[in-house]
Amino acid sequence: MEKTLATPFADHDPPSEEEDVQFAVFTEERQGLLTRVQHFLPVFPTAVPLIVLILSLAGFGLFAGKGFFSAYNMSLIVQQVSIIGVLAAAQSLIILTAGIDLSVAATMVLCSAVAGQLSVKLGLSLIIGLPLSFAAGAGIGWLNGFLITRVKLPAFIATLGTWNIFYALNLYLSGAQSIRGSDIDTAAPILKFFGRSVSLFGTQITYGSFLLVIVFGILWYALNKTAWGRHVYAVGDDKEAAELAGIPTDRVLMSVYVVAGLICALAGWSAIGRIGAVSPTSFYEGNLQSITAAVIGGISLFGGRGSILGPLLGALIVGVFQSGLRIGGVDVLWQFFAIGWLIIFAVAIDQWIRKFSA
Amino acid sequence: MTETVQPVLSARNLVKKYGRVVAIDHADFDLLPGEILGVIGDNGAGKSSLIKALSGAIRIDSGDIALEGRPVSFASPIEARQSGIETVYQTLALSPALSICENMFLGREIYSDNIFGRLFHQLDRNRMTVIAREKLAELGLLTIQNIQQPVETLSGGQRQGVAVARAAAFGSKVIILDEPTAALGVKESRKVLDLILEVRARGVPIVLISHKMPHVFEICDRIHVHRLGKRAAVVKPGEISMSDAVAIMTGALQVPAA
């Protein structure tokens, strides 16, 4: 009787005599070249943007001629990407959590408008103007985080909304007018601090360029060396798993949006130095450019993957393309053409890595 | 069976209702020291609600839970974990892109013993690596290397191994395993069962929820049969046939007064 009844348990397999010694023994098998590349890329996610950067530098050096490789031009490229680069740092932090922030550029411009209006137009002390612009950045980040974690809006929708709202507020606050550089110089010259520069061996390195490197350096430390950084990756990788593992996922997300808001405020300060004025209509496409740099830098839009140093390289790649094509005398439309292909190439690589690591 | 042994984890008269649906209907539960307790029950019998109540994932409406004789009440899985109850979920709760080592310490990282550790929660990777390697080796999961590889490069059984090792490393009092072999093939199931026996050998009692009757009968010391939201019987694998256990589970066999 028992034998016949036991048939529903056909999946019962007696312990096999021959033990499978391969189980849970973390050894590496011999792999083909392609497989090795696939395993290498997730471990060194900055390899692809680094190679692309070196190749594009070499390519444009040949193509655009001598002027391209001058020390001055190299430092100019860094200057030109210094604002978008910092925005890309904020953007990448958010994309690592599987989010997206369409409002980074609007946040940045609004923060610079707050600083400019309070210190220059209203004549308040910088001790009030600058901290309030950072408070605005943090508040905006908090609002985005609140909409995403509490109201449960998708990040794309929440920040599409706040982008428009902050753009309107920025136009209202500034009366749709720029604050001229000469006015800043008399009332609050420190707002143009990041536009100052040092000259070394023919280069001209602005403080804003140093800021770019410092921001990425700090984020690299935070993301790779601290518990918070690991939690950011875990939340972006698999939010539910992170929650079950005991990570306060909503608090991590909130912190990410607030930090991103603060970085945007910093970019806003730096932007005043870069363009020499407070302009409410500047950097209108900054959000898309920041996403471009992040994606070319190998940050996966699905979250949890990519090194924070990638977007720095991504921003530099865009800068190298723009500079090289301009010095080579190529019509500006080909910049867009080339960067479009770069984005597609970068995301295709990301998909390829994901396919083999899943 | 004598009643002199104090259960590690016990519950009396648990009730949990979702609206009009009674998920747990005055259920009792006992886990004795050093045992593997199987929990079986038909789909919808309420065994996962029972387990969620014990691991803090849901709050019960009424009833008492006691850990080592002391009444406890968990508001969240994190509280249960802090009391020494570790749960390995069916989904494993591993972060695929993070390394084996990082996953073992996910949510309870060790900070550097310096100013950076205190201020920024800087990770002490060396210590975490040493401890992770030690814990994996204790369970026979690690022969040589590379615990820095991402979890997504592992097979299903290896991932289960990492999740169980994580629970064993931190679960000081109770480990709850939810369907650990459900998604695995024959050989990998075998290894996970051996791993569970290994964990028991180290003295930590285990609650094993499983649909795979042969696995339950092979490694469990006692089997809690859940039916219609409550404990229908507790049986011993040696004293009852698999088919009779299923009969109790489905109500075809009435239990002799326990």
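Note that the structure is a prediction, hence the values are computed from the model and not measured.

1. Quick notes on the overall build of chain B
The number of helices and strands found in chain B is nine helices and ten strands. Since a compact globule built from 258 residues should have a radius of gyration of about 18 Å, the 19 Å found for chain B is in line with a globular shape. The principal-axis extents of the C-alpha atoms in chain B amount to approximately 60 × 40 × 35 Å. Taken across its 258 residues, chain B has 53% of its residues classed as buried. Relative to all contacts within chain B whose residues are 6 or more apart in sequence, the contacts with residues 24 or more apart total 65%.

2. So, the sheet that holds strand 7 (residues 174–178) of chain B
Backbone-to-backbone hydrogen bonds pair the strands of a sheet. The strands run either parallel or antiparallel. All names here are of chain B. Spatially, 6-7-8-3-9-10 is the arrangement adopted by the six strands of the open sheet, whose pairing is mixed. Each of the sheet's edge strands pairs with one partner strand only, and the pair in question is strand 6 (85–88) and strand 10 (230–235). Averaged over all neighbouring strand pairs, the angle between strand axes comes to 20 degrees, with direction disregarded. Both strand 9 (residues 222–227) and strand 10 contribute to a ladder of five bridges, which runs antiparallel. Looking at strand 10, one finds that Arg-227 is bridged to Lys-230. Along the sheet face, helix 9 (residues 242–250) touches strand 3 (36–41), strand 9 and strand 10 and points at about 30 degrees away from the line of strand 9.

3. So, helix 4 (residues 71–96) of chain A
Each full turn of the α-helix corresponds to 3.6 residues, which orients residues three or four apart in the same direction. Residue and element names in this part refer to chain A. When the local axis directions of helix 4 are compared, the greatest deviation, roughly 50 degrees, occurs at Ser-82. With 21 of 26 residues buried, helix 4 lies mostly within the body of the structure. Downstream of helix 4 by a residue or two, Ala-98 has a phi angle that is positive, lying close to 70 degrees.

4. A look at unusual backbone geometry
Residue and element names in this part refer to chain B. Positive phi values are uncommon outside glycine, yet Ala-93 reaches one of about 55 degrees. For Ala-93, a relative accessible area of 1% translates into the label buried. At His-121, a position not held by glycine, the phi torsion is positive, near 55 degrees. Note that His-121 resides in the loop between helix 4 (115–120) and helix 5 (125–138). By relative accessible area, His-121 is classed as partly exposed at 37%.

5. Side note on the pattern of salt bridges
All names here are of chain A. Under the criterion given, the structure shown has 20 salt bridges over all chains. The residue Asp-237 makes a salt bridge to Arg-305 at a minimum N-O spacing of 3.4 Å. Here Asp-237 is found in helix 10 (residues 227–237), whereas its partner Arg-305 is found in the loop between helix 13 (286–296) and helix 14 (309–327), with 68 residues between them in sequence. Taking relative accessible area as the criterion, Asp-237 reaches 16% and is therefore assigned buried.

6. A few points about helix 7 (residues 186–201) of chain B
Residue and element names in this part refer to chain B. When the terminal C-alpha atoms of helix 7 are compared, their 23 Å separation across 16 residues agrees well with the 22 Å that a helix rising 1.5 Å per residue should span. Taken residue by residue, helix 7 has Glu-188, Ser-189, Arg-190, Val-192, Leu-193, Leu-195, Ile-196 and Val-199 as its buried positions. Where helix 7 is buried, its residues meet strand 3, helix 6 (156–170), strand 7, strand 8 (206–209) and helix 8 (213–219). After helix 7 finishes, the residue Gly-203 shows a positive phi value of roughly 100 degrees.

7. Points about the packing of helix 4 of chain A against helix 9 (residues 207–225) of chain A
Residue and element names in this part refer to chain A. Between helix 4 and helix 9, the shortest axis-to-axis distance is 8 Å and the interhelical angle comes to 20 degrees. By the angle class used here, helix 4 and helix 9 are roughly parallel. For helix 4 against helix 9, the interelement crossing comes out left-handed. Contact with helix 4, carried on its side by Val-78, Gln-79, Val-81, Ser-82, Gly-85, Val-86, Ala-89, Leu-93 and Leu-96, involves Gly-208, Ser-209, Leu-212, Val-215, Phe-216, Leu-219 and Leu-223 of helix 9 and no other residues of that element. Across the contact of helix 4 with helix 9, the residue classes tally to eleven nonpolar, five polar and no charged.

8. Points about the pairing of strand 4 (residues 62–67) of chain B
All names here are of chain B. With five bridges joining them, strand 1 (residues 9–18) and strand 4 adopt antiparallel strand pairing. Each bridged residue has a counterpart across the sheet, and for Arg-12 the counterpart in strand 4 is Asp-64. As paired strands, strand 4 and strand 5 (residues 70–72) are joined by three bridges and run antiparallel to one another. If you follow Leu-67 over to strand 5, its bridge partner there is Arg-70. Between the antiparallel neighbours strand 4 and strand 5 lie two residues, among them Glu-68 with a positive phi of about 50 degrees.

9. So, a nonpolar patch on the surface
A contiguous nonpolar patch, built from Trp-142, Leu-143, Phe-146, Val-151, Leu-153, Phe-156, Ile-157 and Leu-160 of chain A and spanning about 660 Å² of accessible area, is present on the exposed surface. Positionally, Phe-156 of chain A belongs in helix 7 (residues 155–174).

10. A closer look at the packing of helix 9 of chain A against helix 14 of chain A
Residues and elements named next belong to chain A. Remark: helix 9 packs on helix 14, axes separated minimally by 9 Å, with the N-to-C direction vectors making an angle of 155 degrees. Between helix 9 and helix 14, the angle is such that the two are roughly antiparallel. Of the residues in helix 14, those touching helix 9 at Leu-212, Phe-216 and Trp-220 are Leu-309, Pro-311 and Leu-312. Residues belonging to the contact of helix 9 with helix 14 are distributed by class as follows: six nonpolar, no polar and no charged.

11. With respect to the environment of Thr-149 of chain A
All names here are of chain A. By the element assignment, Thr-149 lies in helix 6 (residues 126–149). Residues Thr-149 and Tyr-257, 108 residues apart in the sequence, show an inter-C-alpha distance of 10 Å. Among residues more than four places away in sequence, those in contact with Thr-149 are Asp-250, Leu-253 and Met-254.

12. Focus on the sheet that holds strand 2 (residues 21–31) of chain B
Residues and elements named next belong to chain B. Strand order in the open sheet formed by four strands is 2-1-4-5, and the pairing between neighbours is antiparallel. The open sheet has two edge strands, strand 2 and strand 5, and neither has a second partner. Averaged over neighbouring strand pairs, the angle between their axes works out to 30 degrees when direction is ignored. Here strand 1 pairs with strand 2 via eight bridges, running antiparallel. Bridge pairing in strand 2 links Leu-9 to Leu-31. Along the sheet, helix 1 (residues 47–54) makes contact with strand 1, strand 2 and strand 4, crossing strand 2 at roughly 60 degrees.

13. Observations regarding the packing of aromatic side chains
Throughout the structure, instances matching the rule amount to 17 aromatic pairs over all chains. The interplanar angle of 85 degrees and the centroid separation of 5.8 Å between the aromatic rings of Phe-105 of chain B and Phe-170 of chain B together place this pair among those described as edge-to-face. Here Phe-170 of chain B lies in helix 6 and Phe-105 of chain B lies in the loop between helix 3 (100–104) and helix 4, a separation of 65 residues in the sequence. With a relative accessible area of 4%, Phe-105 of chain B lands in the buried category. An aromatic cluster of three or more residues is present, and its members are Phe-60, Phe-63, Phe-68, Phe-69 and Phe-321 of chain A.

14. Thoughts on the confidence of the model for chain A
On average, residues of chain A score 86 in pLDDT, and 88% of them reach the 70 mark or higher. Contacts for the low-pLDDT stretch residues 1–29 of chain A, under 50 throughout, to residues beyond four places or in other chains number 44 contacts.

Thresholds applied
- Residues numbered from 1 in each chain as written.
- Chains lettered and ligands numbered in written order.
- Predicted model: local features only at pLDDT ≥ 70, side-chain atom pairs only at ≥ 80, totals over all residues.
- Heavy atoms only, no water.
- Helix = DSSP H or I, 4+ residues; strand = E, 2+ residues; numbered from the N terminus.
- Rg over C-alpha atoms; globule rule 2.2 N^0.38 Å.
- Buried < 20%, exposed > 50% of the residue type's maximum accessible area, 1.4 Å probe, protein only.
- Contact = heavy atoms within 4.5 Å.
- Pairing = 2+ DSSP bridges.
- Axes fitted to C-alpha atoms, helices over the stretch in contact; angles between N-to-C directions.
- Bend = angle between axes of the 7 residues up to and from the residue.
- Salt bridge = Lys/Arg side-chain N within 4 Å of Asp/Glu carboxyl O.
- Expected span 1.5 Å × (residues − 1).
- Parallel < 35°, antiparallel > 145°, perpendicular 65-115°, else oblique.
- Left-handed = near helix turned anticlockwise from the far one by under 90°.
- Nonpolar A, V, L, I, M, F, W, Y, C, P; charged D, E, K, R; others polar.
- Patch = residues over 30% accessible without salt bridge, like charges linked within 9 Å, V, L, I, M, F, W, Y side chains within 5 Å.
- Areas by Shrake-Rupley, 256 points an atom, 1.4 Å probe, with all protein chains shown as cover.
- Phe/Tyr/Trp six-rings, centres within 6.5 Å; stacked < 30°, edge-to-face > 60°.
- pLDDT = per-residue confidence, 0-100.

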